[in-house]
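Descriptive analysis of the structure
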Amino acid sequence: MTVNPIQYTSRTYQTILADINADKTLADKPEWFKRMIAGVGDVLSMCLDAQANNCYLETAFTRDAVKRLCSLIGYKMGVRTTSSGLLKFYLSDSTLFPYTVSKEDLCAVYGRVSSLRFEARSSATASLVETTITGFGGDHLNVTNGGIPFETYDKVYCKQLDDYYYLKVVGQDIYFATSVNDIALERWVDVSTGTYTLKSYTLTVTCFQQEQKDPQNLGTSDGTTEWQTFDLPDDKVLQETLSVVINDEVWTRVDDFSDSVSTSKHYRLDYNNDDTAKIVFGNGTYGMIPENFPIYAQYCVGGGSDTNVTALNVINVYSGSAEKIEGVMNPRAFNGGTDAESIESAKTLAPMSLKTRDRFVTVSDGIQLIEQTGYSSLALIQSNYFGQLSCRVLCVARGGGNLSAESRAYIQSYLKERSVLGSLDVKVEEIQFQPQSLTVNLSLNTGYDLSTVLPYLELCIRMFFSECGKEISETFKNQGVETAARLVNSIFGTSFNETDEQVYDMMSYVSRVGYRNFGDTIYESALTGMITNCVRGINHLTYDGITFPIQMAEDEIATGGEITVVEE
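Summary of the structure given here.

**So, the overall build of the protein**
In terms of helices and strands, the protein carries twelve helices and 31 strands. In terms of overall dimensions, the protein has C-alpha extents of about 110 × 75 × 50 Å along its principal axes. Here the protein holds 568 residues, and the buried ones make up 48% of them. Put simply, 70% of the contacts in the protein that link residues at least 6 apart link residues at least 24 apart. Total accessible area on the protein stands at roughly 27,800 Å², and carbon and sulfur atoms take up 49% of it. The centroid of the 45 positive side-chain charges in the protein is displaced by 5 Å from the centroid of its 72 negative side-chain charges.

**Brief notes about the environment of I183**
Following the sequence through the fold, I183 ends up in helix α4 (residues 180-185). Judged by relative accessible area, which is 6%, I183 ranks as buried. Remark: the alpha-carbon pair of I183 and Y166, spanning 17 residues in sequence, is separated by 7.7 Å. The contacts of I183, once residues within four sequence positions are left out, are Y153, Y166, L167, K168, A177 and W188.

**Notes on empty space enclosed by the protein**
For the structure on display, the rule yields one cavity of 30 Å³ or more. Taken as a whole, the largest cavity encloses approximately 40 Å³ of empty space.

**As for the sheet that holds strand β11 (residues 194-200)**
Sheet architecture is closed into a barrel: six strands sit in the order β6-β7-β10-β9-β8-β11, paired in antiparallel fashion. Neighbour-to-neighbour, the strand axes of this sheet turn through a mean angle of 45°, independent of strand direction. In this structure, strand β9 (residues 163-170) lies alongside strand β10 (residues 173-177), joined through five bridges in antiparallel fashion. What sits directly across from L167, in β10, is F176.

**Focus on unusual backbone geometry**
Here the bond from F97 into P98 is cis, since omega is -5°, no more than 30 degrees from zero. As for its position among the elements, P98 is in the loop between β1 (84-91) and β2 (99-101). Although it is not a glycine, W227 adopts a positive phi angle of roughly 55°. Relative to the helices and strands, W227 resides in the loop between β14 (216-220) and β15 (229-231). For W227, a relative accessible area of 37% gives the class partly exposed. In this structure, D248 takes a positive phi of about 65° despite not being glycine. Mapped onto the secondary structure, D248 falls in the loop between β16 (243-246) and β17 (249-253).

**Things to note about the pairing of strand β24 (residues 376-383)**
Burial of β24 is extensive: seven of the eight residues sit out of reach of the surface. Taking the residues between adjacent antiparallel strands as the criterion, β24 and strand β25 (residues 390-397) are bridged by six residues, where N384 takes a positive phi near 55°.

**A few points about the nonpolar core**
F465 and I531 are the most contacted members of the largest nonpolar core, which totals 44 residues. Secondary-structure elements contributing two or more residues to this core are β27 (434-444), α8 (450-465), α9 (469-479), α10 (481-492), α11 (501-513), α12 (524-534), β29 (538-544) and β31 (558-567). Tallying contributions element by element places α8 first for this core, with nine residues. Not counting chain neighbours up to four residues away, the residues in contact with I531 comprise L457, C460, I461, I538, L541 and Y543. Formed by 27 residues, the second largest nonpolar core is a distinct cluster that contains F118, A126, C207 and F334.

**Describing α11**
Counted at 1.5 Å a residue, the expected span for α11 with its 13 residues is 18 Å, and the 18 Å between its end C-alpha atoms agrees. On its buried face, α11 is in contact with α8, α9, α10 and α12. Within two residues after α11, G514 carries a phi angle of roughly 130°, on the positive side.

**Concerning the pairing of strand β26 (residues 425-429)**
When a strand is regular, its side chains alternate between the sheet's two faces. Burial along β26 is one-sided: V426 and V428 are buried, while D425, K427 and E429, pointing the other way, are not. Judged from the five bridges that link them, β25 and β26 form a sheet pairing that is parallel. Residue L394 lies in a different strand from β26, and its bridge partner there is E429. Viewed along the sheet, the connection from β25 through helix α7 (residues 405-417) into β26 turns out right-handed.

**Brief notes about the pattern of salt bridges**
Summed over the entire model, instances satisfying the criterion amount to 22 salt bridges. With its nearest N and O atoms 2.8 Å apart, the salt bridge here joins D154 to K88. With D154 in the loop between β7 (141-143) and β8 (155-158) and K88 in strand β1, this residue pair connects regions lying 66 residues apart in the sequence. Here D154 and K88 have matching classes, each one buried.

**Considerations on the sheet that holds strand β20 (residues 294-298)**
Spatially, seven strands are ordered β14-β20-β16-β17-β18-β19-β15 in an open sheet, and the strand pairing comes out mixed. Of all the strands in the sheet, the pair left with one neighbour each is β14 and β15. If you compare each strand with its neighbour and ignore which way they point, the axes differ by 35° on average. Strand direction decides the pairing type here: β16 and β17, joined by three bridges, are antiparallel. Across the sheet, residue I246 finds its bridge partner in β17, namely E249.

**Comments concerning the layout of surface pockets**
One number sums up the size of the second largest pocket: a volume of about 1,600 Å³. What lines the second largest pocket is a set of 44 residues, and nearest its centre among them are T310, L312, R332, A333 and G401. Secondary structure elements with two or more residues in the lining of the second largest pocket: β1, β9, α7, α10 and β31. Considered class by class, the residues forming the lining of the second largest pocket number 17 nonpolar, 18 polar and nine charged.

**A word on a nonpolar patch on the surface**
Where nonpolar side chains cluster on the molecular surface, the patch consists of W32, F33, M36, I37, V40 and L44 and spans about 580 Å² of accessible area. With respect to the helices and strands, F33 occurs in helix α2 (residues 31-53).

**Brief notes about the packing of aromatic side chains**
One pass over the full model with this rule turns up 20 aromatic pairs. Pairing F230 with F281 gives two aromatic rings, centres 6.0 Å apart and planes at 75°, and the pair type is edge-to-face. Here the residue F230 occupies a position in strand β15, and F281 occupies one in strand β19 (residues 277-281), the gap between them amounting to 51 residues. Of the residues examined, F230 reaches a relative accessible area of 9% and is grouped as buried. Residue F281 is classed as buried on the basis of its relative accessible area of 0%. In textbook terms, an aromatic cluster arises when at least three aromatic residues are bridged by ring pairs, as seen for F97, Y157, Y164 and Y201. When the ring centre of F208 is taken as reference, the NZ or CZ atom of R121 above it lies at 3.7 Å. A cation sits over an aromatic face here: K427 above F386, 4.6 Å from the ring centre.

About the thresholds
- Residue positions are given per chain, counted from 1 along the sequence in the order it is written.
- Per-residue local features of the predicted model are confined to residues with pLDDT of at least 70, and side-chain atom pairs are confined, for both listing and counting, to 80 or more; whole-chain, interface and lining totals are unaffected and use all residues.
- As a rule here, side-chain values come from all non-hydrogen atoms in the structure, and water together with hydrogens is ignored.
- Helix numbers and strand numbers start at the N terminus; a helix is a DSSP run of H or I with at least 4 residues, a strand a run of E with at least 2.
- In this scheme, a residue with accessible area under 20% of its type's maximum is buried, one over 50% is exposed, and one in between is partly exposed, where area comes from a 1.4 Å probe on protein chains only.
- We call two residues contacting when some pair of their heavy atoms lies within 4.5 Å.
- Working definition of accessibility: Shrake-Rupley area with a 1.4 Å probe, residue cover restricted to the visible protein chains.
- The charge count includes Lys and Arg as positive and Asp and Glu as negative, but it does not include His or the ends of the chains.
- Charge positions are represented by NZ for Lys, CZ for Arg, CG for Asp and CD for Glu.
- Residues are called lining when one of their atoms sits within 4 Å of a cavity or pocket point, these points coming from a 1 Å grid over the protein atoms alone, where a cavity is a set in which a 1.4 Å probe fits but cannot get out and a pocket is an open set with protein on both sides within 12 Å along at least five of seven lines.
- Grid points are joined across faces, edges and corners, and a volume is the space filled by probe spheres set on the points.
- Any two strands with at least two DSSP-identified bridges between them are counted as paired.
- Fitting a line to C-alpha atoms yields each axis, with helices limited to the stretch in contact; the angle taken between N-to-C directions then spans 0 to 180 degrees.
- Take the buried Ala, Val, Leu, Ile, Met, Phe, Trp, Tyr and Cys residues and link them wherever side-chain atoms come within 4.5 Å; each set so joined is a nonpolar core.
- One fewer than the residue count of a helix, multiplied by 1.5 Å, yields its expected span.
- Look down the strands so they point away from you; if going from the first strand over the helix to the second traces a clockwise path, that crossover is right-handed.
- The rule for a salt bridge is simple: a side-chain nitrogen of Lys or Arg has to be within 4 Å of a carboxyl oxygen of Asp or Glu.
- For this scheme, ten residues count as nonpolar: Ala, Val, Leu, Ile, Met, Phe, Trp, Tyr, Cys and Pro. Four count as charged, namely Asp, Glu, Lys and Arg, and the remainder, Gly too, count as polar.
- Each patch is built from residues that are more than 30% exposed by relative accessible area and take part in no salt bridge. Like charges join if they lie within 9 Å; nonpolar side chains (Val, Leu, Ile, Met, Phe, Trp, Tyr) join within 5 Å.
- Only rings of Phe, Tyr and Trp enter the pairing, Trp through its six-membered ring, and a pair is recorded when the two centres are within 6.5 Å. The plane angle decides the type: under 30 degrees is stacked, over 60 is edge-to-face, the rest tilted.
- Here, a charge over a ring means that NZ of Lys or CZ of Arg falls within 6 Å of the ring centre while also lying within 35 degrees of the ring normal.

Shown next, in the form of structure tokens:
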């Protein structure tokens, strides 16, 4: 009887080749032949190992395998989201109120990156806002007769001064400047004590990083085939903007067809590994099969972590055609943009979702559900805050800062729907961040100069106090140095290379030692430890203008403030 010369325990090239050479009838065979057989066995063994690993969530290593395994337990991997924030559109002097602008004309681009476009999702109307204020003059006006219906960076016409100004509003103080840049430079127009009538020429609108695409004909349904699939021609499609129309009827997007019936006009949006996407229809039992009509889709593209904008007045190139809009700027950061969920994150969160079962019962359930939305990197839930069966939710946006009003409303509804009987009173509120400003007095080692050390020192302090520490830490651990470095540059408006060892040390330190959280106690030794471990060239340093330890209230979290550096 012929015996297999290769042992079942032999899986590698060397062990298979040794088995062949151990067989007397094969030992004198051509070397190339034995090497070929050993090589084929080695490759087959590797392929089988890979297939076996991809059958288990813990060891799966391809995105398709992780998506498939997650879907088996009802977990859908997080998709790309886009950043959002406020844009102030400045109206010309000849504008007549009320003045309505279509959503197509409420758009702007990042002044330095023309491909990054920001658009509104609905039309907006500028109404007449005119108020009379009285106050004490000087380099600013201290208002004494009530509230101020204007914000910093608003453009107004002042009747008494017969000119147009841009405002900075701090409490009851109004500063007048002749341009937005003058506000940044703190160049103010002196005003006398008295009464002034101000009329707003500013339209403030929530906008999103996106680009609207023309309606697309995806093809025609045959009316009979189950699970029909149609590819979308663009990548980076934002799922919340997708609208599918068949025979003049709008169909509804669902995450899955488990609750669909034969008459449900539902479709599912699936993303491929290369950021392209397709829509899938039902089988006639779970979801209706579309009738024999063309399928039209309209959507916006964009999103990703690189759409977060931290600097002010950089989205300042108007790209619409409304004749009365003469300028635009972003008064605050744009945040909320995220990349598609990494496979490492999914492998961690998917098993946890079995515990929550998509239900908001405990605080940990709520935190888990908020993370699944992809909008927030860090959250706090205070139970019974407004009374029995209520909770207050505070969420740090991806990229830092507060979530947009739309994102807060979505999370509020998302949690409430998943509470017991949908009866929990959920309120998602803005966070009152606590900026930490300080002066650093430092001496440098021989051979170092301040211009070289300063960028790293400032980044280190800002990262230490940042509310984005958890996001940076998780990205560093799960997606690697390159992705984490891009995130750091996006959050802090820097341009460090991903191979920079000092930036690597900072990200590694935050991942090991910890990050800012709600209710933190922050010690001086922690800040000094991070600086001395991550920034090269510093001999000695002390701090002024800040008192340690810093104790945050339960609902407070630190953020970076003004940094002044003095070389001794």
